[in-house]
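# Report on the structure
So the chains spell out like this:
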Amino acid sequence: MTVAKPVGKRGNNGGRPPLAQRRKARRLILQAMYQWQMNKDDVAEIEAQFRAEYQGKYDWDYFHELFSVIPGQVTQLDELIAPHLDRSMTALDPVEKALLRIGTFELSQRVDIPYRVVINEAVELAKVFGATDGHKYVNGILDRLARDLRPAEAGRA
């Protein structure tokens, strides 16, 4: 008879923080990206502000990984996004732009995260922070990007 091991606070996911902490980190990444896009403040300064302001259980490693890299890759990310847009990048709502950049980064460079999770997380954040029906726009763009960037996983082999 096999006895199941008790699952600790970190869950049964190889010592990584629980998914709820990653979800909370994505919310902060969106807010940090928005601030960076609007003010072009130093990324390290923004990260320090967020770490000082937000105490508690966040996946800070994930926050740092994404927020320290995405601003330096906006040109490449925007080039992936642009063919799927019906308007220019400059005409996008800043929240939608930030979410598309985060989602595109995750789709292209974090293949350990299922594409449906990437899209769902972006859509949920768009519902909270984005413009009316902005979540539908984000969903459509990221869905098309997933077919390009992850054809086998997204069903277009």
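Residues numbered from 1 in each chain as written. Predicted model: local features only at pLDDT ≥ 70, side-chain atom pairs only at ≥ 80, totals over all residues. Heavy atoms only, no water.

### Re the packing of aromatic side chains
Under the counting rule described, the total for this entry stands at six aromatic pairs. Taking the centre distance of 5.5 Å and the plane angle of 20° together, the rings of Phe50 and Tyr54 count as stacked. Residue classification places Tyr54 among the partly exposed positions, given a relative accessible area of 23%. Between Trp60 and Phe63 the ring centres are 5.3 Å apart and the planes differ by 70°, which places this aromatic pair in the edge-to-face class. (Phe/Tyr/Trp six-rings, centres within 6.5 Å; stacked < 30°, edge-to-face > 60°. Buried < 20%, exposed > 50% of the residue type's maximum accessible area, 1.4 Å probe, protein only.)

### Side note on the nonpolar core
In this structure, Met33, Phe63, Phe67, Leu85, Leu100 and Leu142 are the most contacted members of the largest nonpolar core, which totals 45 residues. Of all the elements in the fold, those that place two or more residues in this core are α1 (19-39), α2 (43-53), α3 (60-69), α4 (74-81), α5 (94-109), α6 (115-129) and α7 (134-149). For Leu100, the residues in contact, after removing those within four places along its chain, are Ile81, Leu85, Leu92, Val138, Ile141 and Leu142. (Core = buried A, V, L, I, M, F, W, Y, C linked by side-chain atoms within 4.5 Å. Helix = DSSP H or I, 4+ residues; strand = E, 2+ residues; numbered from the N terminus. Contact = heavy atoms within 4.5 Å.)

### A short note on α2
Every buried residue of α2 is listed here: Val43, Ile46, Glu47 and Phe50. Looking straight down α2, one finds that the buried residues subtend no more than 100° of arc, so they occupy a single side. In α2, those exposed residues whose orientation departs by more than 90 degrees from the buried face are Ala44 and Ala52. Close packing links the buried residues of α2 with α1 and α3. The opening residue of α2 is Asp42, an N-cap whose side-chain oxygen sits 3.2 Å from the backbone nitrogen of Ala44. (Arc of directions from axis to C-beta. Polar contact = N/O pair within 3.5 Å; in protein donor to acceptor, adjacent residues only side chain to side chain.)

### Digging into the pattern of salt bridges
Within this structure, the stated rule accounts for 13 salt bridges. Between Glu106 and Arg26 there is a salt bridge, and its shortest N-O distance comes to 2.9 Å. Separated by 80 residues along the polypeptide, Glu106 in helix α5 and Arg26 in helix α1 bring together distant segments of the chain. Judged by its relative accessible area of 1%, Glu106 is buried. With a shortest N-O distance of 3.0 Å, Arg51 and Glu47 are connected by a salt bridge. Residue Arg51 and its partner Glu47 are located together in helix α2, separated by four residues, close to a single helical turn. Taking relative accessible area as the criterion, Arg51 reaches 36% and is therefore assigned partly exposed. Classification of Glu47 as buried rests on a relative accessible area of 9%. Each of Arg23, Arg26, Glu106 and Glu121 takes part in a single network of salt bridges with overlapping partners. (Salt bridge = Lys/Arg side-chain N within 4 Å of Asp/Glu carboxyl O.)

### Quick word on unusual backbone geometry
Keep in mind that most residues, glycine aside, have a negative phi and that most peptide bonds are trans. The backbone of Lys40 sits at a positive phi, close to 55°, despite the residue not being glycine. Relative to the helices and strands, Lys40 is located in the loop between α1 and α2. Of note in the backbone geometry, Asp133 takes a positive phi value of approximately 65° without being a glycine. Relative to the assigned elements, Asp133 resides in the loop between α6 and α7. A relative accessible area of 42% means that Asp133 is categorised as partly exposed.

Structural measurements only, silent on function.
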